[in-house]
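Observations on chain architecture
Below are the chains, spelled out letter by letter.
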Amino acid sequence: MLNNLDSFLLKETISSVFILVGVAFMLIATIGLLRFPDFYIRMSAITKGSTLGLGLILAGLGIYFDHPAMLLKVVAIISFTFMTAPVAAHVLSRTAVQNKIPFWNKTNLTDFQSYLKKEHRSEKKVDEERAK
Amino acid sequence: MNLFSVTLIIAIGTLSICLVLTAIRFAIGPTLPDRISAFDLFVANVIGIIAIYTELTGNADFIDVAIILSLFGFLGSISFAYFLMKRIR
Amino acid sequence: MKTFLIHTVISFVVAYQFFQRTDWLSYHARSAGGIFMLAFAVLWITTLLYNRAYFRKMPKAIFFILYILKEIFVANLRIAYDILKPRYAINPAVLAVPLDAKDDLSITLLACVVALTPGSIALDVRQDRRVLYVHMLYIDDDLDKAKHQIKHGFERRILELTT
């Protein structure tokens, strides 16, 4: 009886610690979403914080239930999140570059000038062709 | 009302504050990609709330909602980005 | 890759049938995960007979995943400290990293890993697939050092895995 109760208390404690750490990561990510000055900085700093927070919360859930079906569902959600978050971030930032969302004024852009120039030139060529 | 459920209710309250802050960024975001990234974080927060609610009630059926929501959040942000890329061509 | 998928399915079926047919162990997440890992390890040892490359690469893949998790955690703590400070000390730049990887799989894997670590995101690949453009937050006036860090940390391990 005592052994059973003790293991239940241990599971609750570990699970709540995981959930509190995950919620703290998510809160910090949301504050960063409000504070940072530029779209690219927000994108590269924020989305991954929320991914780690979500993973910790779901791990706490799996530890608390301790059931194989729940373990399978939790592993499915975690692996799906870790696979899709970088793809979504990459597609969004590529779209933002092609839409000419401006960079922060302190960003070092020396390596990127040739790419930007080429993009603008190709756009100008497309415009000329459309005008003809 | 033991210490464990109090901890979970505090966590749900913190995530609700996160939802309000994300909605502020959604409202003031200067461009459309800002709003899409805010939407992404919004979906992640809602998945977290559903997970903690599952643990609070002890009913294991709610986690299916989180699976479907994670799938639809990814599809939503991808299709918004695709629409934006099509519009400038 | 095909061997890995087949082994995952086989060990899943073995774990399921074990709990269906016998009741030696209690039906918990720990015991089910343990049975799954055991079946997977036994299948991994048998590949010594017919697939030497898979036998060699599996420990490297596990160490690579652990390395990525450690990087994610450390960089997340750094960004959390930077967000909570009243004045942020970030110094962003866009790098052009020359690629050694040629095929699609390793370039995709490298872009995903770079996007998954906080503080850096992959913007685009140039048309001839030689250069990856990466946006990074913490640069200390030295672009080459950060490029060397990406090439030596991530790309070398990915090339070891995929070739």
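Predicted model only: the values in this text are computed from it and were never measured.

Here is what the cut-offs are and how they apply
- Every chain is numbered independently, its residues counted from 1 as its sequence is written.
- Ligands are numbered from 1 and chains lettered from A, in the order in which they are written.
- Local features in this predicted model are restricted to residues of pLDDT 70 or higher, and side-chain atom pairs are both shown and tallied only at a pLDDT of 80 or more, whereas totals for entire chains, interfaces and linings draw on every residue.
- Each side-chain value is derived from all of the structure's non-hydrogen atoms; neither hydrogens nor water enter the calculation.
- Any residue under 20% of the maximum accessible area for its type is buried, any over 50% is exposed, and the rest in between are partly exposed; the area is computed with a 1.4 Å probe on protein chains only.
- A run of H or I in DSSP counts as a helix once it spans at least four residues, and a run of E counts as a strand once it spans at least two, with each numbered from the N terminus.
- Two strands form a pair only when DSSP identifies at least two bridges running between them.
- In this analysis, two residues are considered to be in contact whenever any of their non-hydrogen atoms come within 4.5 Å of each other.
- A 1.4 Å probe defines the accessible area here, and the buried area is the portion of it lost by two parts on being joined, summed over both.
- Here, a salt bridge means any Lys or Arg side-chain nitrogen found within 4 Å of an Asp or Glu carboxyl oxygen.
- Residues belong to one nonpolar core when they are buried, are Ala, Val, Leu, Ile, Met, Phe, Trp, Tyr or Cys, and are joined through side-chain atoms within 4.5 Å.
- Here a polar contact means two N or O atoms within 3.5 Å. Within protein one must be a hydrogen donor candidate and the other an acceptor candidate, and residues neighboring in sequence count only if both atoms are side-chain atoms.
- Basically, the charged four are Asp, Glu, Lys and Arg, the nonpolar ten are Ala, Val, Leu, Ile, Met, Phe, Trp, Tyr, Cys and Pro, and anything else, Gly included, counts as polar.
- Patch members must show over 30% relative accessible area and no salt bridge, and they are joined within 9 Å when carrying like charges or within 5 Å when they are nonpolar side chains of Val, Leu, Ile, Met, Phe, Trp or Tyr.
- For accessible areas, the Shrake-Rupley method is used with a probe of radius 1.4 Å. Any residue's cover is judged against the shown protein chains and nothing else.
- Each residue after the first adds 1.5 Å to the expected span of a helix.

Comments concerning the pairing of strand β3 (residues 131-136) of chain C
Residues and elements named next belong to chain C. The element β3 is largely enclosed, with a buried count of six among its six residues. Sheet topology note: the strand β1 (residues 93-98)/β3 ladder contains six bridges and is antiparallel. Considered in β3, the bridge of Ala-96 is made with Tyr-133. With five bridges connecting them, strand β2 (residues 120-125) and β3 associate as antiparallel partners.

Quick notes on the interface of chain B and chain A
It is common to give the size of an interface as the accessible area lost on bringing the parts into contact. On the chain A side, the residues contacting the 44 residues of chain B number 41 residues. Surface buried jointly by chain B and chain A totals about 3800 Å² across both partners, of which 78% is contributed by carbon and sulfur atoms. Along the contact surface separating chain B from chain A lie two salt bridges. Taking the shortest distance from any N to any O, the salt bridge between Lys-73 of chain A and Asp-64 of chain B comes out at 3.3 Å.

A word on the environment of Met-43 of chain A
Here Met-43 of chain A shows up in helix α2 (residues 39-65). Judged by relative accessible area, Met-43 of chain A falls into the buried class, the value being 3%. Sequence separation of Met-43 of chain A and Ala-96 of chain A is 53 residues, and the distance between their C-alpha atoms is 11 Å. The contacts of Met-43 of chain A, once residues within four sequence positions are left out, are Lys-48, Ala-89 and Leu-92 of chain A, Ser-37 of chain B together with Ile-121 of chain C.

Focus on the nonpolar core
Residues Leu-95, Leu-110, Val-134, Met-136 and Ile-139 of chain C are the most contacted members of the largest nonpolar core, which totals 29 residues. Non-local contacts of Leu-95 of chain C, meaning those with residues more than four positions away in its chain, are made with Asp-111 of chain A together with Leu-132, Tyr-133, Val-134, Met-136, Ile-139, Leu-143, Ala-146 and Lys-147 of chain C. In this structure, Ile-19 and Met-26 of chain A together with Cys-18 and Ile-50 of chain B belong to the second largest nonpolar core, which totals 28 residues.

Regarding the interface of chain A and chain C
Contacts between the two partners involve 41 residues from chain A and, on the opposite side, 42 residues from chain C. Put simply, chain A and chain C have one salt bridge between them. Across the salt bridge formed by Arg-94 of chain A and Asp-124 of chain C, the nearest N and O atoms sit 3.1 Å from each other. The interface formed by chain A and chain C includes five residue pairs in polar contact (both at pLDDT 80 or more). The dominant element in the side of chain A that touches chain C, judged by the number of residues it contributes, is helix α3 (residues 68-98) of chain A, at 11 residues. For the side of chain A that touches chain C, the per-class residue count stands at 24 nonpolar, 10 polar and seven charged.

A few points about a nonpolar patch on the surface
Residue and element names in this part refer to chain B. A cluster of nonpolar side chains, namely Met-1, Val-6, Ile-9, Ile-10, Tyr-53, Leu-56, Phe-62 and Val-65, defines an oily patch on the protein surface of about 740 Å² accessible area. Residue assignment for the nonpolar patch shows that the elements contributing at least two residues are α1 (3-28) and α2 (32-57). If you tally residues by element for the nonpolar patch, the top one is α1, at three residues. You can see Tyr-53 is positioned in helix α2.

Observations concerning helix α3 (residues 63-87) of chain B
Under the 1.5 Å per step criterion, the end-to-end length of α3 of chain B is 37 Å for 25 residues, consistent within 8% with the ideal 36 Å. When we look at burial in α3 of chain B, the residues that qualify are Ile-63, Ala-66, Ser-70, Gly-73, Gly-76, Ser-77, Ala-81, Leu-84 and Met-85 of chain B. Structurally, α3 of chain B contributes buried residues whose contacts are with α2 and α3 of chain A together with α2 of chain B.

Brief notes about the pattern of salt bridges
Residue and element names in this part refer to chain C. According to the stated counting rule, one finds seven salt bridges over all chains in the structure shown. Between Glu-160 and Arg-156 there is a salt bridge whose closest N-O contact spans 3.8 Å. Remark: Arg-156 and Glu-160 occur in helix α5 (residues 143-162); sequence separation between them is four residues, near one turn of the helix. Among the residues examined, Arg-156 registers a relative accessible area of 34% and is labelled partly exposed.

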